[in-house]
Amino acid sequence: MNPVLMLFLIFAILCLIRVPIAVSLGLSSVIALSMADFTLYTVIQKMFNSLNSATLMAIPGFVFAGIIMSKGGISYYLIEALKSWVGHIRGGLAVITILACMIFAAISGSSPATAAAVGSIMIPGMVKAGYSKRYAMGLVAASGTLGILIPPSIPLIIYGTVAEESIGKLFSAGIIPGLLLGGILLVSAIIHARIHNYGKLPKQSMEERWKKTAKALWGFLLPVLILGGIYSGAVTPTEAAFVSCFYGLIVSVFIYKEMSFSKFREVMKESINITSMIFLVIASAMIFGMFLTTEQVPQEFATWIETSTSNKWIFMIGVNIMFFILGMFLDSVAIILITLPILLPVLAIFDINVIHFAIIMTINMELAMISPPVGLNLFVVSGITREKVGEVVKGVLPFFALMILALVIVVIFPQVALVLAK
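Since we're looking at a predicted model, the values are computed, not measured.

1. Thoughts on the overall build of the protein chain
- Counting secondary structure elements, the protein chain contains 20 helices and zero strands.
- Overall, the C-alpha framework of the protein chain stretches about 70 × 45 × 45 Å when taken along its three principal axes.
- Counting over 422 residues, the protein chain shows a buried share of 54%.
- Restricting to contacts in the protein chain with at least 6 residues of sequence separation, those with at least 24 account for 81%.
- For the protein chain, the exposed surface amounts to about 18,000 Å²; the carbon and sulfur share of it is 68%.
- Taking the average place of the 25 positive charges on the side chains of the protein chain and the average place of its 18 negative ones, the gap between the two points comes to 17 Å.

2. A few points about unusual backbone geometry
- Across the junction of P151 and P152, the peptide omega takes the value 0°, indicating a cis bond.
- Its location among the elements puts P152 in the loop between α8 (133–144) and α9 (154–163).
- Backbone geometry at K257 places phi at a positive 55°, although glycine is not the residue there.
- Relative to the assigned elements, K257 resides in the loop between α12 (237–255) and α13 (261–294).
- With phi around 55°, D351 is a residue other than glycine that occupies positive phi space.
- In this fold, D351 is placed in the loop between α16 (332–349) and α17 (354–369).

3. Overview of the packing of helix α7 (residues 111–128) against helix α18 (residues 376–385)
- α18 packs onto α7 with a crossing angle of 30° between their chain directions and a minimal axis gap of 9 Å. In terms of orientation, α7 lies roughly parallel with respect to α18. Between α7 and α18 lies a crossing whose hand is right-handed. Along the contact surface, α7 presents S111, P112, A115, A116, G119, S120 and I123, while α18 presents L376, N377, V380, V381, I384 and T385.
- Taken together, the residues of the contact of α7 with α18 sort by class into eight nonpolar, five polar and no charged.

4. As for the pattern of salt bridges
- Following the criterion strictly, the structure yields seven salt bridges and no others.
- For E266, the salt bridge is made with K71, and the minimal N-O distance between the two is 3.8 Å. With E266 in helix α13 and K71 in helix α4 (residues 58–71), this pair connects stretches of sequence that are 195 residues apart.
- Owing to a relative accessible area of 41%, E266 belongs among the partly exposed residues under this scheme.

5. Looking at helix α15 (residues 312–327)
- With 16 residues, α15 extends 22 Å between its outermost C-alpha atoms, agreeing within 8% with the 22 Å of an ideal straight helix rising 1.5 Å per residue.
- Buried within α15 are the following residues: F315, M316, V319, N320, F323 and G327. End-on view of α15: buried residues confined to an arc of 130°, all on one side of the axis. α15 presents I314 and I317 as exposed residues on the side facing more than 90 degrees away from its buried surface.
- Taken together, the buried residues of α15 touch α14 (297–308), α16, α17 and α19 (389–412).

6. With respect to the nonpolar core
- In terms of nonpolar packing, the biggest core is built from 151 residues, with I59, I158, Y159 and F315 touching the most fellow members.
- For this core, the leading source of residues is helix α6 (residues 92–108), giving 13 residues.

7. Some details on the packing of aromatic side chains
- Taken as a whole and judged by the stated rule, the model has 11 aromatic pairs.
- Between F64 and F264, the ring centres sit 6.3 Å apart and the planes meet at 85°, which makes this aromatic pair edge-to-face. Here F64 is found in helix α4, whereas its partner F264 is found in helix α13, with 200 residues between them in sequence.
- Under the relative-accessibility criterion, F264 is labelled partly exposed at 26%.
- Here the basic side chain of K215 rests over the ring of Y77, its NZ or CZ set 5.0 Å away from the ring centre.
- Sitting over the ring of W313, K312 keeps its end group 5.3 Å from the ring centre.

Calculation criteria
Residues numbered from 1 in each chain as written. Predicted model: local features only at pLDDT ≥ 70, side-chain atom pairs only at ≥ 80, totals over all residues. Heavy atoms only, no water. Helix = DSSP H or I, 4+ residues; strand = E, 2+ residues; numbered from the N terminus. Buried < 20%, exposed > 50% of the residue type's maximum accessible area, 1.4 Å probe, protein only. Contact = heavy atoms within 4.5 Å. Areas by Shrake-Rupley, 256 points an atom, 1.4 Å probe, with all protein chains shown as cover. Lys, Arg positive; Asp, Glu negative; His and termini not counted. Charge placed at Lys NZ, Arg CZ, Asp CG, Glu CD. Axes fitted to C-alpha atoms, helices over the stretch in contact; angles between N-to-C directions. Parallel < 35°, antiparallel > 145°, perpendicular 65-115°, else oblique. Left-handed = near helix turned anticlockwise from the far one by under 90°. Nonpolar A, V, L, I, M, F, W, Y, C, P; charged D, E, K, R; others polar. Salt bridge = Lys/Arg side-chain N within 4 Å of Asp/Glu carboxyl O. Expected span 1.5 Å × (residues − 1). Arc of directions from axis to C-beta. Core = buried A, V, L, I, M, F, W, Y, C linked by side-chain atoms within 4.5 Å. Phe/Tyr/Trp six-rings, centres within 6.5 Å; stacked < 30°, edge-to-face > 60°. Lys NZ or Arg CZ within 6 Å of the ring centre and 35° of its normal.

Right under this line is the structure:
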């Protein structure tokens with residue numbers, strides 16, 4: 001049997017019997033490599049070398065910062081401040097949910113973390129105000145995906161590491177598409193709320209608004225600190241991640257005083273679990289990629305594409321369909337690490353900008369976050385609400401069309417992504 005075919009067959013079988021993605025990638029790769037005269041020592045060395053990167057150290061930093069924000073009161077006070085300003089308008093709670101996700105996205109870099117932090121506060125509030133629970137769940141799951149598009153973004157960090165592109169440029173490229181998608185969701189939320197006559201909160205006085213805004217100011221400053229530090233050149237993305245951790249801890253412990261020792265243990269435990277999962281996927285995917293490179297798969301794939309079609313748009317449509325199908329079964333980190341090394345030579349053939357393609361890929365990964373059966377945001381929202389995943393899927397379906405609209409705009413107009421990435 002062809003070694004490459006055997007690799008994918010073993011990987012597919014392991015995924016179908018619900019072996020974790022990281023283990024499926026690693027085990028199938030080790031079996032394939034052992035038949036290609038690679039020693040186990042070489043495999044282990046490759047796995048450790050793949051993690052020996054200063055850039056990847058930003059991942060645990062942003063994960064930790066996002067969880068501190070969620071557990072230490074920062075996200076709560078941010079949402080309370082937003083409620084005081086727009087909660088009284090028709091559709092105000094839906095607007096707050098989307099804005100809160102956009103702000104949280106500018107801190108955590110993670111979609112599940114964004115959905116969990118905002119959803120745990122906003123879904124009960126929306127239902128109490130008369131919103132359909134199914135709609136509230138779908139809105140949080142879809143808006144939570146902004147966590148990987150609006151910088152900082154964990155998938156963009158991984159993309160930059162694999163493609164050897166500037167993380168700063170990739171972050172810059174995500175800003176306008178992130179705002180575009182956020183804007184599309186905001187407009188749809190306001191229209192939907194008015195059509196269905198969804199509830200609104202009592203209007204608050206200016207004094208109460210300024211009081212809550214002042215309380216939340218420390219949280220509003222965190223995205224400014226992270227993104228301002230990166231784009232001004234004062235800190236690297238990795239340094240910004242750990243500055244945000246330090247800042248979040250100080251605010252949670254000494255200003256809001258909501259970070260107890262027991263909560264800190266929860267933060268540490270959750271951060272370690274999430275980071276370990278991501279890093280194990282990276283290490284396993286790297287040896288998966290090593291085997292594909294040894295077998296000349298990327299080069300053969302590029303040659304096949306070049307001889308099959310000379311039309312860039314047919315290629316782009318095919319790649320987007322492929323990402324959508326893969327997103328139904330794999331998480332975003334695995335998709336990037338498996339497909340990007342194969343696709344990079346093809347991008348050069350069609351003269352597709354690597355940074356533009358990063359944003360296209362990331363929006364597809366957003367769709368993957370809400371695609372059954374393994375969309376992570378679906379399970380996060382299901383866990384928060386204790387509803388069946390099927391109910392969350394029904395709630396999220398209308399948002400697919402809106403996200404595909406944003407994807408089409410970014411694909412057709414590259415400058416949407418590239419105008420800031422100079």
